[in-house]
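# Observations on chain architecture
Residues per chain are reported as follows:
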Amino acid sequence: MSKLAEVLVAQGALSREVFRGLDMEPQSEEHLLDSLLRTGELKVSQIRRAQAAVAGVEFVELSGFTVDAEAVRLVPSGVCRRHEVLPIGFRSGSLLVAMADPGNLLATDDVRVYARHNVIGVAADRDDVLAAIDRYHRADDELHDLTSSLAESDGAQQDTNAELTGASDVDAPIVRYVNLLVSQAIQDKASDVHIEPGETGVRIRYRVDGVLHEMQTAPRSIQNELVSRLKIMSEIDIAERRRPQDGRMSVRHAGRDIDLRVATLPTVWGEKIVMRILDTAHTGLTLQDLNLLPHNAETFAEAYGKPYGMVLVTGPTGSGKSTTLYTTLNEVARPEINVITVEDPVEYRMPGVNQVQVNVKAGLTFPTALRSMLRSDPDVILIGEIRDSETAQIAIEASLTGHMVLSTLHTNDAPGAITRLTEMGVEPFLVGSALDCVVAQRLARRLCEQCKAPATYGPGELARMRFRISAHGEPPTLYRPVGCVSCSGSGYRGRVAIHEVMAVTEEIERLAVQRAPAAEIGRVALQQGMLSLRQDGWEKAKLGLTTVEEVSRVVA
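Scoring rules and cut-offs
Residues numbered from 1 in each chain as written. Predicted model: local features only at pLDDT ≥ 70, side-chain atom pairs only at ≥ 80, totals over all residues. Heavy atoms only, no water. Pairing = 2+ DSSP bridges. Helix = DSSP H or I, 4+ residues; strand = E, 2+ residues; numbered from the N terminus. Axes fitted to C-alpha atoms, helices over the stretch in contact; angles between N-to-C directions. Contact = heavy atoms within 4.5 Å. Phe/Tyr/Trp six-rings, centres within 6.5 Å; stacked < 30°, edge-to-face > 60°. Buried < 20%, exposed > 50% of the residue type's maximum accessible area, 1.4 Å probe, protein only. Lys NZ or Arg CZ within 6 Å of the ring centre and 35° of its normal.

### With respect to the sheet that holds strand E1 (residues 85-91)
With respect to topology, 3 strands assemble into an open sheet ordered E1-E2-E3, the strand pairing being mixed. Bordering the open sheet on either side are E1 and strand E3 (119-123), each of which pairs with just one other strand. Geometrically, the sheet is characterised by an average inter-axis angle of 30 degrees between neighbouring strands, direction not taken into account. The pairing of strand E2 (residues 94-99) with E3 spans 5 bridges and is parallel. In the strand pairing of E3, Val 97 is matched with Gly 121. In the packing of helix H7 (residues 105-115) onto the sheet, the strands contacted are E1, E2 and E3, and the crossing angle to E2 comes to about 140 degrees.

What follows is the structure, encoded as structure tokens:
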């Protein structure tokens, strides 16, 4: 077996049985690999990664990499295209450069001359490099040109009607500018885009893996045009600038339809706009993707698998509640049952599910929609959020009359959901009877699998972060972030959910009827085997999914 074949087997791209019994001459191996590529059993990226490993060169997948715009600007686009290279970041003062051919010394020398930095070459798939060059150089160049042309036109002094007329033209600079901002945010896997007016300019930030990153600053002169364009796309009243407004837009990116939820907020320097990117790729998740520990997964599955009852998911804004609910809905939605949702807004479109959008202006509120839904013969009802006592009352009654109800609630932990419902005016005995399970969750940054390293923590350090280890047991293996090209040097890539799953047992039901405080309910739940958010996070830190620092950051 050749070195390349050995690496492919070691990386898990192929099984050893594929090569067993073959005459491993170069021609026969090449023929086998070509055949596996044609049948789809092997991908080009897997061969490129293995070839890089054989050559002793680091390999990076650009599709999942956040490229540093400062690095890109150091080398002209012509040089990048000629040598099929792209600067992607910095490491220890040197420039990281993704190369289709890392052995091309001429390319390395040219990049070093233009960038005036030492160069560290990493391997990448040729098609990925060319696509990244098209994207980053076009985006940087065009955004710079568009910003300059918009600033020269002094958009801040134009009449709003004139801006709208220009914005309707697909070739207008402001239209191209907004399209580039949105497409770049989607490409960078951002969850939110913040457009924030200031005294001297407009700051644009993307939230990636729960952390905001400043991407660009636009001149203040384009602020009015930028806000008006986004309002038009979101069907928001452009004449109203004194009160907050909400809207929605849909864009097409890389062959996929992606929705964005848009909110405006008046500030002293103008209207701030936040766009939440609702990527429908999340609707294809399974319960395994939620990273529930086995005990929690069993408790949760038992609750939502019942024919009736209520399951609540709680947590602050941006903690992944909607993703958990939609994933659960994917599990329970079947052709033989009727699933209806009422949401404000409808975040993800799901085939085979009847989704109702709240429209307060038309009189379609959560309570009125729920009453109508109950006359539409539903089996499963999803309520976007329980916000008031009327919605809570109807949801509880629905769960007691043969329906499975899924919903969200804003509480700090799972036991707090019971007291929150009673504070809303729902009778305690109804809460205890209807509620089957409460899931509280937070999102922590996930350690990069390419570069995470074992870490040693002293007992005192762990104690300060309120993590306990057994006095007689071996200290667990924990991990720390290092930073590499795959995670843009942050040490983290993606996010992992931390859960607190509380089953409503008979004893907890009695406490609910007695209006016991959340702390007492929590103590009983822990005695019955519930893992707190901190305990669940500790287990996931020991599994190498995240760090104890991240758990401490997101869990009180």
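Having seen the model, we can carry on.
### Observations concerning the packing of aromatic side chains
In total, this model carries 1 aromatic pair according to the counting rule given. Here the aromatic rings of Phe 300 and Tyr 304 are separated by 5.2 Å at their centres, their planes lie at 70 degrees, and the arrangement is edge-to-face. Here Phe 300 pairs with Tyr 304, and both are found in helix H12 (residues 294-304), just 4 residues apart, close to one helical turn. What makes Phe 300 buried here is its relative accessible area of 2%. Taking relative accessible area as the criterion, Tyr 304 reaches 11% and is therefore assigned buried. The ring of Tyr 492 has Arg 445 sitting right over it, with the charged end atom 4.2 Å from the ring centre. The cationic tip of Lys 452 hangs over the ring face of Tyr 479; the distance from NZ or CZ to the ring centre is 4.9 Å.

### Some words on the sheet that holds strand E11 (residues 339-343)
Spatially, the 7 strands line up as an open sheet ordered E12-E11-E13-E14-E10-E15-E18, and their pairing is mixed. In the strand order of this sheet, the two ends are held by strand E12 (354-357) and strand E18 (492-503), each with one partner. Going across the sheet, the axis of each strand differs from the next one's by a mean of 20 degrees, ignoring polarity. Bridge count between strand E13 (residues 380-383) and strand E14 (residues 404-409): 4 bridges; the pairing is parallel. Across the sheet, the residue bridging to Ile 381 is Val 405, located in E14. Sitting on the sheet, helix H13 (residues 321-332) touches strand E10 (309-314), E11, E12, E13, E14 and strand E15 (435-447), and the angle it makes with E14 is about 170 degrees. Sheet strands in contact with helix H21 (residues 533-542) are E15 and E18, and its direction is about 135 degrees off that of E18.

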